[in-house]
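Listed here are the chains, written in short residue letters.
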Amino acid sequence: MSNLLTYAYDIKHYQLTGPAWIDSERYEIVAKLPAGATKAQVRLMMQSLLMERFHLAIHHESKEMPMYDLVVAKGGSKLKEWVEQPAPADGAVKPAPGAPDGLPKFSLGKDGYPALPPGTGMMMMNGKARRQGRETMTDFASWLSSQSGRPVSDTTGLKGKYDISIYWAADSGRAAPPNADGIASEPEDTGPTLFGALQEQLGLKLESKKGPVDTIVVDRLEKAPIDN
C-alpha cells in the first residue's frame, strides 16, 4: 500500500505518514488504461481508485526534516557532459556486446562490481552496486533522495545532461554481527560508501541542512477494498 500511495501522489516514502500496515499489506491491481494516458494522468487515476475502493482521505502537512544539498566538491566536478551519438546509417539497433537479441547480460567486472552495458541503469550483486545513466543533475538528485531517505536539492549549478557512472559497496559501513562471545567487531571495509563514491568518482558531495518538506498524512484508509 505504501508503494501505491507514493506512486499516486508522486512522493518519496519519507513524505508519507500513515498506519504501520501500509508497509506490509500487498494488493494486486488489474486495470486498463486509456491509450495515450500520461504518467500524471495515471497517478490521478490511482488517487481516484484509492479514494473509491479504500475510502482514502489525506491532508498535506509541512514538516521540518533533515535534507541535503548536492554540491560540487572541492577540486571540481569530474562529470563529462553527454553528447548524443548519431544513429547508425541503416537505422538498425545493434545488440549490446555479449548479449544476444539485445538483452543485457550482467556480470561482475574486474573491480568486483557489476559490469553494465551503457545506459542500463542500476545493478546490485553480492552487496556491490553500480549505477550508470545519462541524466540531468535534477534527476540525479531525485535518485539520491530515494537512496538516502532525505530530500536532496540540486545546487551544483550544472545545467547539462551528463554521463554518470558510479559504483559503491551497499553494505559498506555496516557493523558485523557479534561473535560467539557477544562482542561486535569493527565494520569491515568492503568498499566505498555511496557518499564517498560521490566525491571520489564524480566530484560531488552532499551537505546536510534542515528545511520544510511537504508531506502527506493519511487520515483514513480501509485495509480491505470494497468489491469491484
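Here the structure is shown first, and the text comes after it.
Residues numbered from 1 in each chain as written. Predicted model: local features only at pLDDT ≥ 70, side-chain atom pairs only at ≥ 80, totals over all residues. Heavy atoms only, no water.

1. Focus: the overall build of the protein
- Looking only at helices and strands, the protein features 4 helices and 10 strands.
- What you see in the protein, going N to C, is helices and strands ordered as α-β-α-β-β-β-β-β-β-α-β-β-α-β.
- Buried residues in the protein amount to 33% of all 228 residues.
- Counting contacts in the protein only where the partners sit at least 6 residues apart, residues at least 24 apart contribute 70% of the total.
- Of the accessible surface of the protein, which amounts to about 14,500 Å², a share of 52% is contributed by carbon and sulfur atoms. (Helix = DSSP H or I, 4+ residues; strand = E, 2+ residues; numbered from the N terminus. Buried < 20%, exposed > 50% of the residue type's maximum accessible area, 1.4 Å probe, protein only. Contact = heavy atoms within 4.5 Å. Areas by Shrake-Rupley, 256 points an atom, 1.4 Å probe, with all protein chains shown as cover.)

2. What to know about the pattern of salt bridges
- A full pass over the atoms with the stated rule returns 6 salt bridges.
- Notably, a salt bridge pairs Arg-134 with Asp-163, separated by 3.6 Å at the nearest N-O pair. Here Arg-134 is found in strand E7 (residues 128–136), whereas its partner Asp-163 is found in strand E9 (residues 161–169), with 29 residues between them in sequence.
- Classification of Asp-163 as partly exposed rests on a relative accessible area of 41%. (Salt bridge = Lys/Arg side-chain N within 4 Å of Asp/Glu carboxyl O.)

3. A closer look at helix H4 (residues 194–202)
- Inspection of H4 places Leu-194, Gly-196, Ala-197, Leu-198, Gln-201 and Leu-202 among the buried residues, and these make up the whole buried set.
- Buried residues in H4 make contact with helix H3 (137–148), E9 and strand E10 (204–220).
- Just downstream of H4 lies Gly-203, where phi reads positive at about 70°.

4. Concerning the pairing of strand E2 (residues 57–72)
- As judged from the 16 bridges shared by E2 and E10, these two strands associate in the antiparallel manner. Along E10, the bridge assignment pairs Asp-69 with Glu-207.
- Pairing analysis gives 3 bridges linking E2 to strand E8 (residues 152–154), with the strands arranged parallel. In the sheet register, Leu-70 faces E8, and the bridge partner there is Asp-154. (Pairing = 2+ DSSP bridges.)

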